[in-house]
Amino acid sequence: MSEHLSEQPSDHWSQYWSRGPLTSLPEDFQGNYDGEIASFWAERFQRLPTRARLLDVCTGNGALALLAAEHAHCHDMRFEITAVDAARIRPDLIASHRPDLAEALASIQFVSEIPMERFRADAESFDLVMSQYGIEYCDQSAVAPIVASLLKPGGELALVCHASSSDMVKTMQRELLEYQRLESLSLDRSLSAWLKGQLDSGRLRERLVRVGQSIYPAFQSSRSPLFGFVLQAINQLARLDERGLRQQRDGMEHLLSQLQGGRQRLDDMLRVNRLLESEDWFQPYLDAGLVQVDHGDLLYRQQHHAGRWFIFRRAGQD
Ligand SMILES: C[S@@+](CC[C@H](N)C(=O)[O-])C[C@H]1O[C@@H](n2cnc3c(N)ncnc32)[C@H](O)[C@@H]1O
């Protein structure tokens, strides 16, 4: 499998992370990953030497790197943590949303706008390479030899990946249908046409009202966060006169880019999940000399399937 998804810094992810969420699933996790996901990682961290080097691949806003930093702080360990992402990551912005994390963030070395395929560091320098819903976005055949060479002998690669059977992926599939519904109602085209001066304000209002009427019953039964967000925006915009709409131009551009970015991220996530359905998606890591030590399913809050975990080791130490 060599289809890769994003070797270039991805605007839609940069845009998403600039809004300050800690994870890519803010509806499932209000802050950082917790419950069984956090426990899974705590167990990996606990096995590390007191002084260890860790690499978080596809870190996003550093959720997993932060779990590691907090673990080290609480257990009197000294972790040197590097966190890589192809998107633009701004620890200062994350800290402005979460001042309580400023110290932990400052202890992490973020490598922003560098795809993992181009990340370089000293060979055999990391005790743990880790990724949460991340490494699967990379070109596996390019990244596997890099990861294998970065690991110390005996070092571990630990991953939590989405799985098509996970509850999060089911939510994503539902959300895709919602985006398709909004597209069939031409919401994005109407906003875009008005912004370009190709649609007058009266017609825009009519179309917004029509979109609202069409999705409201679905929102009532599903409480869909996407429909809720769109309805709130539509209700505000549809009440504005010509002047009010002009004053909201920036807001409308923002709404459009949030819808377009959201759809792109969803496409990314679902495409990655289709790749993960292949039983041998991780073969490049075995070809690069790592040995699969263990794997399993991750149950969140004892009931939600939150994906699959994998542990690989570089030979060289027991
Ligand atoms: C689903 S998010 C997960 C982020 C984070 N690990 C988390 O759990 O919140 C996937 C991340 O992978 C990043 N990404 C995609 N392709 C990449 C690549 N080739 N190299 C580095 N990062 C990449 C995206 O920018 C995005 O931030």
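Residues numbered from 1 in each chain as written. Predicted model: local features only at pLDDT ≥ 70, side-chain atom pairs only at ≥ 80, totals over all residues.

1. Let's talk about the overall build of the chain
In step 1: Counting its regular elements, the chain contains 13 helices and 7 strands.
In step 2: In terms of overall dimensions, the chain is globule-like: its C-alpha atoms have a radius of gyration of 22 Å, near the 20 Å expected for 318 residues.
In step 3: Its C-alpha atoms give the chain principal-axis dimensions of about 70 × 40 × 35 Å.
In step 4: Across the 318 residues of the chain, 37% fall into the buried class.
In step 5: Long-range pairs, those at least 24 residues apart, make up 76% of the contacts in the chain with a sequence separation of at least 6. (Helix = DSSP H or I, 4+ residues; strand = E, 2+ residues; numbered from the N terminus. Rg over C-alpha atoms; globule rule 2.2 N^0.38 Å. Buried ≥ 20, exposed ≤ 12 C-beta atoms within 10 Å, placed from the backbone. Contact = placed C-beta atoms within 7 Å.)

2. So, helix H12 (residues 249–276)
In step 1: Look at H12: 41 Å from first C-alpha to last across 28 residues, which is about the 40 Å you get at 1.5 Å a residue.
In step 2: By the burial criterion, the buried members of H12 are Leu-255, Leu-259, Arg-263, Met-269, Val-272 and Asn-273. (Expected span 1.5 Å × (residues − 1).)

3. Side note on the environment of Leu-25
In step 1: In this fold, Leu-25 is placed in the loop between helix H1 (11–17) and helix H2 (35–46).
In step 2: When the C-alpha positions of Leu-25 and Cys-58 are compared, they lie 14 Å apart, and in sequence the two are 33 residues distant.

4. With respect to the domain arrangement of the chain
In step 1: Per the domain assignment, the segments making up the chain are domain 1 (11–164 + 277–314) and domain 2 (167–270).
In step 2: Put simply, the middle of domain 1 and the middle of domain 2, counted by C-alpha atoms, are 33 Å apart.
In step 3: Taken residue by residue, the interface counts 14 residues in domain 1 and 9 residues in domain 2.
In step 4: Elements supplying a minimum of two residues to the side of domain 1 that touches domain 2: H1 and strand S7 (304–314).
In step 5: Looking at which element gives the most residues to the side of domain 1 that touches domain 2, the answer is H1, with 4 residues.
In step 6: When grouped by side-chain class, the residues that make up the side of domain 1 that touches domain 2 number 6 nonpolar, 6 polar and 2 charged. (Domains from an automatic or database assignment. Nonpolar A, V, L, I, M, F, W, Y, C, P; charged D, E, K, R; others polar.)

5. Re the site of the ligand
In step 1: In the vicinity of the ligand lie 24 residues, with Trp-13, Cys-58, Gly-60, Ala-87 and Tyr-137 positioned nearest.
In step 2: Residues that form the shell around the ligand fall into these classes: 13 nonpolar, 8 polar and 3 charged. (Near = placed C-beta within 6 Å.)

6. Things to note about the nonpolar core
The nonpolar side chains of a soluble globular protein tend to be buried with one another.
In step 1: Membership of the largest hydrophobic core comes to 66 residues, with the highest contact counts inside it found for Leu-54, Ala-68, Ala-69, Val-129, Val-147 and Leu-157.
In step 2: If you tally residues by element for this core, the top one is helix H3 (residues 63–74), at 8 residues.
In step 3: Formed jointly, this core draws a minimum of three residues from each of two domains, domain 1 (11–164 + 277–314) and domain 2 (167–270).
In step 4: For Ala-68, the contacting residues outside a window of four places in its chain are Phe-45, Leu-54, Phe-79 and Ile-81.
In step 5: Residues Leu-191, Leu-204, Val-230 and Ile-234 belong to the second largest nonpolar core, which totals 15 residues. (Core = buried A, V, L, I, M, F, W, Y, C linked by C-beta atoms within 7 Å.)

7. Describing H3
In step 1: In this model H3 runs 17 Å from its N-terminal to its C-terminal C-alpha over 12 residues, within 8% of the 16 Å that 1.5 Å per residue would give.
In step 2: Along H3, the positions that sit buried rather than exposed are Ala-63, Leu-64, Ala-65, Leu-66, Leu-67, Ala-68, Ala-69 and Ala-72.
In step 3: After H3 finishes, the residue Asp-76 shows a positive phi value of roughly 55°.

8. Focus: the sheet that holds strand S3 (residues 108–111)
In step 1: If you walk across this open sheet you meet the 7 strands as S3-S2-S1-S4-S5-S7-S6, and the pairing is mixed. On the outer flanks of this sheet lie S3 and strand S6 (290–300), each paired with one strand and no other. The sheet shows a mean angle of 15° between the axes of neighbouring strands, direction not considered.
In step 2: Strand direction decides the pairing type here: strand S2 (residues 78–84) and S3, joined by 4 bridges, are parallel. Each residue of the ladder has a partner; that of Ala-83, found in S3, is Phe-110. (Pairing = 2+ DSSP bridges. Axes fitted to C-alpha atoms, helices over the stretch in contact; angles between N-to-C directions.)

9. Quick word on the pairing of strand S1 (residues 51–57)
In step 1: In terms of burial, S1 is largely enclosed, as 6 of its 7 residues are buried.
In step 2: Pairing between S1 and S2: 7 bridges, direction parallel. When the sheet's bridge partners are listed, Arg-51 is paired in S2 with Arg-78.
In step 3: Note that the unit made of S1, H3 and S2 has a crossover that is right-handed.
In step 4: Relative to strand S4 (residues 126–132), S1 runs parallel, the two sharing 3 bridges. Bridge pairing in S4 places Leu-54 opposite Leu-128. (Right-handed = clockwise from strand over helix to strand, strands pointing away.)

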